[in-house]
Amino acid sequence: MGKEWADARRAANVARLGETLATALAGRMGITFELGCGHGHWLAAYAAAHPDEFCVGIDLITHRVERSVRKQTLGKLDNVIFLKAEATEFLEALPPAILLRKIFILYPDPWPKKKHHKNRFINAENLDLLARRSAAGTRLHFRTDDADYFTWTNDFLATHARWQVVPGIEWPFEQKTFFEERMKDKRDVIADLAE
Ligand SMILES: C[S@@+](CC[C@H](N)C(=O)[O-])C[C@H]1O[C@@H](n2cnc3c(N)ncnc32)[C@H](O)[C@@H]1O
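As the structure is a computational prediction, the values presented were derived from the model and not from experiment.

(A) Structural context of the sheet that holds strand E7 (residues 187-193). With mixed pairing, the seven strands of this open sheet are ordered in space as E3-E2-E1-E4-E5-E7-E6. The open sheet is flanked by strand E3 (80-84) and strand E6 (163-165), the only strands paired with a single partner. Within this sheet the neighbouring strands show an average axis-to-axis angle of 20 degrees, counted without direction. Across six bridges, the pairing between strand E5 (residues 134-144) and E7 is antiparallel. Along E7, the bridge assignment pairs Thr 144 with Arg 187.

Now the structure itself:
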């Protein structure tokens, strides 16, 4: 895939998402965001338990998003939407007036081999991107089974100018995700955005 073609495809995705979000989030100022929602188990249950929050879940994989949408429909949930989207494209397309108030990343792909670490979502650039689309006090919740990705995320947060790890905070809402059912461990990192 040539760079020009990839850039054009990205621009088209961002434009399409921008239109979808402008309609779906009209009048809203803040959202609860799940990046990589998989089959939607967690966010559908969270939305049902938090009717005062508007939730958006995204995932790259079509059939996972379709299963998520089914949960939203079956649960008659009017405070959650699920979209097929790539996270950095979603964040670029999000209308400027809408801030991320809570961010959840559950069991992201750990890319365990060293040569693949560059594919991990958590890195300095993406933490900056999340910070730019958030407000002071926005809380980032990260859960993984992978010990190395846990340390990696703590390390990136520790060196970030605005995300500050808050130790000892209880995970706010438990609902087993598709991947959590299959994992032995859970390791949580919670960080708040400073001014
Ligand atoms: C290991 S699965 C975990 C899914 C779900 N959170 C769970 O616990 O069952 C990671 C998910 O993140 C999605 N994903 C990975 N990178 C992504 C990105 N850049 N943007 C959106 N989704 C992404 C994948 O498609 C996959 O469904």
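Following the structure, the description resumes.
(B) Representation of the site of the ligand within the structure. Lining the immediate surroundings of the ligand are 20 residues, of which Gly 36, Gly 38, Ala 87, Tyr 107 and Thr 177 lie closest. By residue class, the composition of the shell around the ligand is twelve nonpolar, three polar and five charged.

(C) Highlighting the nonpolar core. In terms of nonpolar packing, the biggest core is built from 40 residues, with Ile 31, Leu 43, Cys 55, Phe 90 and Ile 103 touching the most fellow members. For Cys 55, the residues in contact, after removing those within four places along its chain, are Ile 31, Thr 32, Leu 43, Tyr 46, Ala 47, Asn 79 and Val 80.

(D) How the structure looks around the pairing of strand E4 (residues 99-106). Along E4, six of the eight residues are buried, which leaves the element largely enclosed by surrounding structure. When strand E1 (residues 30-35) meets E4, the two strands line up parallel, connected through five bridges. Paired with Glu 34 across the bridge in E4 is Phe 104. Pairing geometry for E4 and E5, over six bridges, is parallel. Directly across from Ile 103, in E5, lies its bridge partner Leu 140. You can see the chain leave E4, run along helix H5 (residues 124-132) and come back into E5, and the turn it takes is right-handed.

The rules behind these values
- Residues numbered from 1 in each chain as written.
- Predicted model: local features only at pLDDT ≥ 70, side-chain atom pairs only at ≥ 80, totals over all residues.
- Pairing = 2+ DSSP bridges.
- Helix = DSSP H or I, 4+ residues; strand = E, 2+ residues; numbered from the N terminus.
- Axes fitted to C-alpha atoms, helices over the stretch in contact; angles between N-to-C directions.
- Near = placed C-beta within 6 Å.
- Nonpolar A, V, L, I, M, F, W, Y, C, P; charged D, E, K, R; others polar.
- Core = buried A, V, L, I, M, F, W, Y, C linked by C-beta atoms within 7 Å.
- Buried ≥ 20, exposed ≤ 12 C-beta atoms within 10 Å, placed from the backbone.
- Contact = placed C-beta atoms within 7 Å.
- Right-handed = clockwise from strand over helix to strand, strands pointing away.

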